[in-house]
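# Structure at a glance
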Amino acid sequence: MTLKQSLLTALIALAAGFAGAGLWSMAGLDDTQTRAYLLENPQILPEMVAAYERGESQAKLAEVADGVSEPFPGAVLGNPEGSVTLVEFSDYNCTYCRASLPHVKQLIADNPDLRVVLREWPIFDGSEDAARMALAAAKQGKFAAFHDAMFEVGSSSAAGIEAAATRAGLDLERAQNDAGSEDITAELARNQQLARTIGFTGTPSWIAGDQVIEGAVGPARLAEALDSGESS
């Protein structure tokens, strides 16, 4: 049993009022004094679990530190030269990614030094063509325009992608050719591997400072994590 499993088992034991002594023993915490202390201070158990999870996240980030914040050329929102970096793994068919778009825009408006690195991670059916076109738009310096337009259109069908590309002012013929290029194929494979290494299970997923965050958590949570990273 891992430390995390032990702590979670201990939490269950506390919630159950220690109906069975065997459950506590399974947690590896059969020392009487330790048991008494935890009974008197049960709030430290979730704190211990949170600390353990933070340590795990930081270890995973250390494995990808050299690559995860390095964007595909042009696939950046906000200030490309900013010293504060937020990384987002996103999918155009993800409703929570769409819901998070105004949150990202708010963070950019609030912090002119913020660089948002977008990692295209097409995990939903039909998303890959949109992700490829987004990276093709980045090659034309129009990533942000296409990114917004794609969520506005709301369809990753061929017609939807073309409509977004037209709104973004892309050279459509060039973009369609670029979308199948080897460097874009390599970028999508890289993003998939990064997400697996970090342990992400869906989109949107974020790296803010030294914290790994999943889901549409809102701008306040992301800003807090970015501030924590700057001060650490």
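The paragraphs below set out a description of the structure included in this document. Position numbers for residues count from 1 along each chain, tracking the sequence in the order it is written. In keeping with the predicted nature of the model, local features appear solely for residues at pLDDT of at least 70, side-chain atom pairs appear and are counted solely at 80 or more, and the whole-chain, interface and lining totals rest on all residues. Think of the side-chain values as coming from all heavy atoms in the structure, minus any hydrogens and water.

### Observations regarding the overall build of the chain
Rules: Comment: elements are numbered from the N terminus, with helices defined as DSSP H or I runs of at least four residues and strands as E runs of at least two. Accessibility here uses a 1.4 Å probe with only protein chains present; expressed as a share of the type maximum, an area under 20% marks a residue as buried, one over 50% as exposed, and anything in between as partly exposed. Residue contacts are defined here by distance: any two heavy atoms, one from each residue, within 4.5 Å place the two residues in contact. Only the protein chains shown count as cover for residues, and all accessible areas are computed by the Shrake-Rupley method using a 1.4 Å probe.
When its secondary structure is counted, the chain shows 11 helices and 5 strands. The buried share of the chain, reckoned over its 232 residues, is 42%. Pairs at least 24 residues apart make up 71% of the contacts formed inside the chain by residues separated by at least 6 positions. Surface exposure of the chain reaches about 11,500 Å², of which carbon and sulfur atoms provide 51%.

### Digging into the sheet that holds strand E5 (residues 211-214)
Filter applied, for reference: When DSSP finds two or more bridges between a pair of strands, those strands are recorded as paired. Lines are fitted to the C-alpha atoms to define the axes, a helix being fitted only along its stretch in contact, and any angle between axes, read from their N-to-C directions, falls within 0 to 180 degrees.
Strands sit in the order E1-E3-E2-E4-E5 across an open sheet of 5 strands; the sheet is mixed. Each edge of the sheet is formed by a strand with only one pairing partner; in this case those strands are strand E1 (76-78) and E5. When the angles between neighbouring strand axes are averaged without regard to direction, this sheet yields 20 degrees. Here E1 pairs with strand E3 (residues 114-120) via 3 bridges, running antiparallel. Opposite valine 76, over in E3, you have valine 117 as the bridge partner.

### Topic: the environment of alanine 164
Here alanine 164 lies in helix H8 (residues 158-167). Sequence spacing of alanine 164 and methionine 133 is 31 residues, and the spatial spacing of their C-alpha atoms is 9.5 Å. Setting aside anything within four residues of it in sequence, one finds alanine 164 in contact with Phe146, Ala149, Met150 and Val153.

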